[in-house]
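# Structural features, examined
Each chain, letter by letter, is given below.
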Amino acid sequence: MTAQPEDPTDTPQPPPPDAPAPAQPPKEPYPGFFSDMKRTGLTEEQAYAQAAKAQNQSNPVKSAKVGGVKNLLKPDGTPYAPWMVNVSPEYDPTVIKKRTDATGRLAADPQSAELSGVGLSWKMLGDELELRWATSAEDNNKGFVVYRRAAKSDQWHKICDFRDKPAELASKGPQGGSYSFLVTDAQPGSWVYRVSDCDLNNNVSDLAQLLVQIESEEDTRVQKIALIALLIILGLAVFIGLSLDPLSTT
């Protein structure tokens, strides 16, 4: 008997190299889901579709973030209200105002530095204002510069530096030290005082600044009068209370 040639269609052929990988069935929402779907009469494709639908419902696609330009505009690109025409809902970091004009240590947190002083303190000695600060190290430091500005102003004015008052403002060496400086022209009001250091290359770096509030003689007199009036009122209240108390004794 002559052997019949083997039909190539009867032999499984490997897929061509560029053939796409067969689609993977979706994950069953619960074990036995596909069997239950087939028992209801659904085809395999319909069961897969039901599984994919259930998976999408349990993992919905996250919507775009709330806010931004798109949330101010209708689908056709027009604003919802007239006042929204020139509204820019997003911040441009290139136009944000710089937080501080300080350099060096002060640049990190100027508001905290201005309120707490960061080691800088003050007190009044008669009509003069004494500033005090201390350092733990002063490598390459020549000395200090003292500045002042009004609390509501951005204009700094130099009061003195280590060249003018070397005894008070010249550096005490790499190990640092304690310093004090007298401001002889202190005026009533709210002022910000700043102390900066200057290195051997004449580079100035801001060290600390402090808000100083100096009361005028009139303010002090008004406070004294108010305190005396309060003490008088309290004394009268105590006297009246003792007079009306029938159990009080003299």
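Residues numbered from 1 in each chain as written. Predicted model: local features only at pLDDT ≥ 70, side-chain atom pairs only at ≥ 80, totals over all residues. Heavy atoms only, no water.

## With respect to the UniProt feature "transmembrane region" (unreviewed entry) in the protein chain
UniProt tags residues 225-244 as "transmembrane region" (unreviewed entry). Taken end to end, residues 225-244 comprises 100% helix and 0% strand; its first and last C-alpha atoms sit 29 Å apart. (UniProt positions renumbered as here; feature names shortened; annotations may be inferred. Helix = DSSP H or I, 4+ residues; strand = E, 2+ residues; numbered from the N terminus.)

## Description of the packing of aromatic side chains
All chains considered together, the criterion is met by 3 aromatic pairs. When the centroid spacing of 5.8 Å and the interplanar angle of 15° are considered together, the rings of Trp 133 and Tyr 179 count as stacked. Here the residue Trp 133 occupies a position in strand 2 (residues 128-134), and Tyr 179 occupies one in strand 5 (residues 178-183), the gap between them amounting to 46 residues. Relative accessible area serves as the criterion here: at 3%, Tyr 179 is assigned to the buried category. (Phe/Tyr/Trp six-rings, centres within 6.5 Å; stacked < 30°, edge-to-face > 60°. Buried < 20%, exposed > 50% of the residue type's maximum accessible area, 1.4 Å probe, protein only.)

## Some remarks on the nonpolar core
Ranked by internal contacts, the top residues of the largest apolar core, which has 21 residues, are Leu 131, Trp 133 and Leu 169. For this core, the elements supplying multiple residues, two or more each, are strand 2, strand 3 (141-150), strand 5, strand 6 (189-199) and strand 7 (204-214). With 5 residues, strand 7 is the single largest residue contributor to this core. Residues in contact with Trp 133, not counting those within four places in the same chain, are Gly 119, Leu 120, Phe 144, Leu 169, Gly 177, Ser 178, Tyr 179, Phe 181, Val 195 and Leu 207. (Core = buried A, V, L, I, M, F, W, Y, C linked by side-chain atoms within 4.5 Å. Contact = heavy atoms within 4.5 Å.)

## Quick word on the pattern of salt bridges
All told, the structure shown has 7 salt bridges when counted by the stated rule. Residues Glu 168 and Lys 165 are paired through a salt bridge, measuring 4.0 Å at the closest nitrogen-oxygen approach. The exposure class of Glu 168 is partly exposed, given its relative accessible area of 25%. Relative accessible area serves as the criterion here: at 36%, Lys 165 is assigned to the partly exposed category. Between Arg 194 and Asp 206 there is a salt bridge; the shortest N-O distance is 3.2 Å. Of this pair, Arg 194 sits in strand 6 while Asp 206 sits in strand 7, and the two are 12 residues apart along the sequence. Within this structure, Lys 123, Glu 130 and Arg 132 form a network of salt bridges that share partners. (Salt bridge = Lys/Arg side-chain N within 4 Å of Asp/Glu carboxyl O.)

## Structural notes on the sheet that holds strand 6
Across the sheet, 4 strands lie side by side as 4-3-6-7; this open sheet has antiparallel pairing. Looking at strand neighbours, the two that pair on one side only are strand 4 (157-161) and strand 7, the edges of this open sheet. Adjacent strand axes in the sheet meet at a mean angle of 25°, parallel and antiparallel pairs treated alike. Bridge count for strand 6 against strand 7 is 10 bridges, and the pairing is antiparallel. Within strand 7, the residue paired with Val 192 across the bridge is Leu 211. (Pairing = 2+ DSSP bridges. Axes fitted to C-alpha atoms, helices over the stretch in contact; angles between N-to-C directions.)

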